[in-house]
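Results of the structural survey
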Protein chains: 2
Amino acid sequence: MTMPIQAIIFDAYGTLFDVYSIGALAEKLFPGRGDALAALWRDKQIEYTRLRTMCSMYKPFWEVTQDALVFSCNKLDLDLTFDAQNTLMGQYAKLPPFPENLGVLRRLQAMELKLAILSNGNPQMLDAVVKAAGMQNIFNHILSVDAVKKFKTAPEAYQLGPDMFGLSAKNILFVSSNCWDACAATWFGYTTFWVNRANAPLEELGVKPDATGPDMAGLLEFIQ
Amino acid sequence: MTMPIQAIIFDAYGTLFDVYSIGALAEKLFPGRGDALAALWRDKQIEYTRLRTMCSMYKPFWEVTQDALVFSCNKLDLDLTFDAQNTLMGQYAKLPPFPENLGVLRRLQAMELKLAILSNGNPQMLDAVVKAAGMQNIFNHILSVDAVKKFKTAPEAYQLGPDMFGLSAKNILFVSSNCWDACAATWFGYTTFWVNRANAPLEELGVKPDATGPDMAGLLEFIQ
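Some points on the interface of chain B and chain A
With 29 residues of chain B at the interface, the matching set in chain A holds 29 residues. Taken together, the two surfaces of chain B and chain A that pack against each other cover about 2700 Å², and 67% of this comes from carbon and sulfur. Per-residue buried area on chain B facing chain A is highest for Met54, Trp187 and Glu204 of chain B; these three make up 27% of the total on that side. The interface formed by chain B and chain A includes four salt bridges. One salt bridge connects Lys44 of chain A with Glu203 of chain B, and the closest N-O pair in it is separated by 2.8 Å. Across the contact surface, chain B and chain A share ten residue pairs in polar contact (both at pLDDT 80 or more). Elements with a contribution of two residues or more to the side of chain B that touches chain A: α2 (34-54), α3 (61-76) and α9 (179-188) of chain B.

Structure below.
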C-alpha cells in the first residue's frame, strides 16, 4: 500500500466535540436565549484567541473561554450567576463527541494511521474532554497550543504536528470542521480535510482545503 | 499649558466613518436582509484581516472587504450581481462621517494638536473616503497598515503612529469605536479613548481603554 498520508491530526472543539451542544444547556438556563448565547460565546472565544495571539497576550483557552462567556452574557443582558457560569464551563469539559466520530476514529486506528489532536485547548481541558468521550486509547498525541503560547492560526501552533510526528506537513492530514482552520492549515502546508457539517460556504481566503465531506465518515473514503 | 497628549490618532472605519450606514444601501438591494448583510460583512472583513495577519497572507483591505462581501452573500444566500457588488463597494469608498466628527476634529485642530488616521484601509481607499467626507485639510498624516503588510492589532501596525510623530505611544491619544482596537492599542502602550457609540459592554480582555465616551464630542472634555 502506498499511502502518502501517514498521520492524521484532528481539531478538537467543533470537530471531534460538539461545541453547539452547549446551546441546549444554555437554553435551560436562559430560556429563549440559548442559541444566541452559544453562538456569541463561540464567536467571542475565537475572536479573543486571535486578538491575544496577534498582541502576544496569550492565556490558557479555559480562561479565554470563561472571558468570552462573561462578555457574551453582558452583551445579551443575561444574568450570569456563579452557578450558571460553573454549569456552562463544566459542560465545556465534557462536550459530547459527534455521533459518528468514535467509530471513524477506531477504523482509522485499525488502518495503523497515527492519530493526534491539535487544539487551542489547554492540556487539562483536553484531557478531560477526551476522557469524557471515551477516546483515551485513540490518540498517539494530544497537542496543545499551550506549548507555544500562540493560538491557531499562528504557524507556530500548526508546526507542533510535523515536529511531533517527524513528518512533513504534506504527509499529515489535518481535519477540522472550522473552515478557517482547514484553510489556514492548507496555507501552512498540511493536506487538509474540511468536515463541513453545516453545509457552509467556503471562506473567501483564496485557498481551499484538499477535500471536504459532510461528516467525519467522509474521511474514510478520502484516506483509502 | 502642560499637555501630555501631543497628537491624536483616529481609527477610520467605524470611528470616523459610519460603516453600518451601508445597511441602508444593502436593504435597498436586498429588502429585509440589509442589516444582516451589513453586520456579517463587517464581521467577516475583520475576521479575514486577522486570519491573514496571523498567517502572513496580507492583501489590501479593499480586496479583503470585497472577499468578505462575497462570502457574506454566499452565506446569506443573496444573489450578488456584479452591479450590486460595485454599488456596495462604491459606497465603501464614500462612507459618511458620523455627524459630530468634523466639528470635533476642527476644534482639536484649533488646539494645535497633531492629528492622524491609522487604519487597516489601503491608501487609495482612505484617500477617497477622507475626500468624500471633506476632511482633506484635517490630518497631518494618513497612516495605512499597508506600509507593514499586517493589519491591526499587530504591534507593527500600531508602531506606525509613534514612528511617524517621533513621540512615545503614551503621549499619543488613540481613538477608536472598536473596543478591540482601543484595548489592543492600550496593550501596545497608547493612551486610549473608546468611542462607545453603541453602549456596548467592555471586551473581556483584561485591559481597559483610558477613557470612554458615547461619541466623539467626549474627546474634547478628555483632552482639556
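Things to note about helix α6 (residues 123-132) of chain A
All names here are of chain A. Burial in α6 covers these residues: Met125, Leu126, Val129 and Val130. One face of α6 carries all of its buried residues, which in axial projection span an arc of 130°. Residues Gln124, Lys131 and Ala132 are exposed on α6 and point more than 90 degrees away from its buried face. Buried residues in α6 make contact with α3 (61-75), α4 (82-92), β2 (114-119) and β3 (141-144).

With respect to the pairing of strand β4 (residues 172-176) of chain A
Residue and element names in this part refer to chain A. Of all five residues that make up β4, five are buried, and the element is covered over most of its length. Burial of the side chains of β4 extends over both faces: Ile172, Phe174 and Ser176 are buried on one face and Leu173 and Val175 on the other. As judged from the four bridges shared by strand β1 (residues 7-10) and β4, these two strands associate in the parallel manner. By the bridge assignment for β4, Ile9 is matched with Phe174. Pairing between β4 and strand β5 (residues 191-195): four bridges, direction parallel. Its bridge partner lying in β5, Val175 is registered against Phe193.

Topic: the domain arrangement of chain A
All names here are of chain A. Entries for chain A in the domain assignment read domain 1 (7-18 + 96-222) and domain 2 (19-93). A straight line from the C-alpha centre of domain 1 to that of domain 2 covers 22 Å. Each partner contributes to the interface: domain 1 provides 20 residues, whereas domain 2 provides 18 residues. Both sides of the domain 1 and domain 2 interface together cover about 1600 Å² of buried area, and 62% of this is carbon and sulfur. Between the two partners, domain 1 and domain 2, sit zero salt bridges. Inspection of the region where domain 1 meets domain 2 yields nine residue pairs in polar contact (both at pLDDT 80 or more). A breakdown of the residues in the side of domain 1 that touches domain 2 according to their chemical character gives eleven nonpolar, five polar and four charged.

Considering the pattern of salt bridges
Where charged atoms of side chains with opposite charge meet at close range, the side chains can pair. Taken as a whole and assessed by the stated rule, the structure comprises 16 salt bridges over all chains. Note that Arg50 of chain A and Glu47 of chain B form a salt bridge whose closest N and O atoms lie 3.1 Å from each other. In this pair, Arg50 of chain A sits in helix α2 (residues 34-54) while Glu47 of chain B sits in helix α2, so the two residues belong to two different chains. Grouping residues by exposure puts Arg50 of chain A and Glu47 of chain B together as buried. A salt bridge links Glu47 of chain B to Lys44 of chain B; its shortest N-O distance comes to 2.8 Å. With Glu47 of chain B and Lys44 of chain B both in helix α2 and three residues apart, this pair spans about one turn of that helix. By the burial criterion, Glu47 of chain B is buried, and Lys44 of chain B matches it. Put simply, Lys44 and Glu47 of chain A together with Arg50 and Glu203 of chain B are held in one network by salt bridges that share partners.

A look at helix α1 (residues 22-29) of chain A
Residues and elements named next belong to chain A. All of the buried residues in α1 are Ile22, Gly23, Leu25 and Ala26. Buried residues along α1 cover an arc of 160° about the axis, so they all sit on one side. Every exposed residue of α1 that faces more than 90 degrees away from the buried side is listed here: Ala24 and Lys28.

Here we look at the relation of the copies chain B and chain A
Mapping chain B onto chain A calls for a rotation angle of 180° and an axial translation of 0.0 Å; the resulting RMSD is 0.0 Å. Look at the turn and shift together and you get a two-fold axis relating the two. A symmetric contact is evident, with 100% of the interface residues of chain B recurring at the interface of chain A.

Rules used throughout
- Residues numbered from 1 in each chain as written.
- Chains lettered and ligands numbered in written order.
- Predicted model: local features only at pLDDT ≥ 70, side-chain atom pairs only at ≥ 80, totals over all residues.
- Heavy atoms only, no water.
- Contact = heavy atoms within 4.5 Å.
- Buried area = accessible area lost by both parts, 1.4 Å probe.
- Salt bridge = Lys/Arg side-chain N within 4 Å of Asp/Glu carboxyl O.
- Polar contact = N/O pair within 3.5 Å; in protein donor to acceptor, adjacent residues only side chain to side chain.
- Helix = DSSP H or I, 4+ residues; strand = E, 2+ residues; numbered from the N terminus.
- Buried < 20%, exposed > 50% of the residue type's maximum accessible area, 1.4 Å probe, protein only.
- Arc of directions from axis to C-beta.
- Pairing = 2+ DSSP bridges.
- Domains from an automatic or database assignment.
- Nonpolar A, V, L, I, M, F, W, Y, C, P; charged D, E, K, R; others polar.
- Least-squares fit on C-alpha atoms with pLDDT ≥ 70 in both.

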